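Residue-level structure breakdown
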Amino acid sequence: MTDGPEPSEPSPPTGERVAELAESLAEVRARIAAACTAAGRAPDEVRLLAVTKTFPAADVAALVDLGLREFGENREQEAAGKVAELAALRPRVPRAEIGWQMIGRLQRNKARSVIGWADQIQSVDSERLAEALASAVRVAIDNGARVDPLAVLVQASLDDDPKRGGCPLPDLVRLANRIEKFSELKLHGVMAVAPLDDEPREAFERLRSVMVTLGEHHPAARELSIGMSGDLEVAIACGSTCVRVGTALLGGRRLASA
Ligand SMILES: *Cc1c(COP(=O)(O)O)cnc(C)c1O
C-alpha cells in the first residue's frame, strides 16, 4: 500500500465538477468533429488524449465515467501516483482498458520507472533515451514483468529550442531508424508541440512533409500527435491522428507545468 505521509483520501468529484467536465468534453468532441468534417476526415481518425497533468485522479475517474480511456501526463512521479489512485477509485475498470501516455520531457534515469505505468511514450527525442527505454524494457521482459514491446512516438522539434525538447526535423528519420532496431520498442509515429510564437500551420505542414519520408521507411509509424487546446483545428487540418487536450477539457492549470 502507500508509504507516503498521510495519503489524503481523494475526494470524489462533486456533481458540479462532473457536470462541468461533461460539458467541456462535449464541446471538445464537437470541435474535433467539426474540424474533421471541414478537413473531409472521419471523426474516428482522431483520438482524444486528455491531458490530466496537475489535475487529481478524481478528475480522471470522472472522465473515465464519461467514456474517456486515454490520458496524458508529463511528470513521471505525479503520473505513477495518479495511475495507482485511479485503479483504487475505479477498481472495476480493467487496467488494460486505460491508455496512459507520457508526453513530457524524460530523463534517462527515469526509464525504469516510466515503463512501469506508461502504455505509450510520446516524447522520445534522442537515441540515448531510446536506448535507456529499450534496456529497461529488456530487463522487465527478462524478469517476466512484461511481454510486449513499448509503444513510442518520436518527438519532433518545430522551433529548434533545446529547452522545449524534441528531435530536430533533419534528424527525425535517423532517430526513427535507430528506434526500429530495438526489438523492445515499437515505433508508432511522431509527436510535436507547435512553436510558441509562430503560426502553427506552417510548422505542422513542415512536419507533415517529413512524415511522408518517414512513412516510406516506417509504414507502420502513422500516428501524428499534434494539436492542443488552442490549435486542434489546425492540427486536424494538417493530418493529426491524436489531439492532446488539457485546458479545454479540465480548465486552467494552477501549477506551472511545462
Ligand atoms: C500540457 C500539454 C498539452 C495540453 O496543453 P493544453 O493547451 O492545456 O491543451 C499537450 N501536449 C503537451 C506535450 C503538454 O505538455
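In this report, we go over the structure that sits alongside the text.

Cut-offs and rules
- Residues numbered from 1 in each chain as written.
- Predicted model: local features only at pLDDT ≥ 70, side-chain atom pairs only at ≥ 80, totals over all residues.
- Heavy atoms only, no water.
- Axes fitted to C-alpha atoms, helices over the stretch in contact; angles between N-to-C directions.
- Helix = DSSP H or I, 4+ residues; strand = E, 2+ residues; numbered from the N terminus.
- Parallel < 35°, antiparallel > 145°, perpendicular 65-115°, else oblique.
- Left-handed = near helix turned anticlockwise from the far one by under 90°.
- Contact = heavy atoms within 4.5 Å.
- Nonpolar A, V, L, I, M, F, W, Y, C, P; charged D, E, K, R; others polar.
- Phe/Tyr/Trp six-rings, centres within 6.5 Å; stacked < 30°, edge-to-face > 60°.
- Buried < 20%, exposed > 50% of the residue type's maximum accessible area, 1.4 Å probe, protein only.

Looking at the packing of helix H1 (residues 15–38) against helix H2 (residues 57–65)
At a closest axis distance of 10 Å, the pairing of H1 and H2 adopts a crossing angle of 55 degrees. In terms of their interaxial angle, H1 and H2 are classed as oblique. The element H1 and its partner H2 pack so that their crossing is right-handed. Where H1 abuts H2, its residues Arg17, Val18 and Leu21 lie against Asp59, Ala62 and Leu63. Taken together, the residues of the contact of H1 with H2 break down into 4 nonpolar, no polar and 2 charged.

Side note on the packing of aromatic side chains
Evaluation of the coordinates by the stated rule reveals 1 aromatic pair. Both rings, one in phenylalanine 71 and one in tryptophan 100, keep their centres 5.5 Å apart while their planes meet at 45 degrees; by these two values the pair is tilted. Taken as a pair, phenylalanine 71 in strand E2 (residues 70–73) and tryptophan 100 in strand E3 (residues 99–102) lie far apart in primary sequence, 29 residues in all. Overall, phenylalanine 71 belongs to the buried group, its relative accessible area being 0%. For tryptophan 100, a relative accessible area of 1% gives the class buried.

Points about the packing of H2 against helix H3 (residues 76–89)
For any two helices packed against each other, the geometry is given by the interaxial angle and the distance between the axes. Where H2 contacts H3, the two axes come as close as 9 Å, and the packing angle between them is 55 degrees. Taken together, H2 and H3 sit at an angle that is classed as oblique. At the point where H2 passes H3, the crossing takes the right-handed sense. Across the interface between the two elements, Ala57, Ala58, Val60, Ala61 and Val64 of H2 pack against Lys82, Glu85, Leu86 and Leu89 of H3. In terms of residue class, the contact of H2 with H3 is built from 7 nonpolar, no polar and 2 charged.

Purely spatial values, then, with no claim about function.
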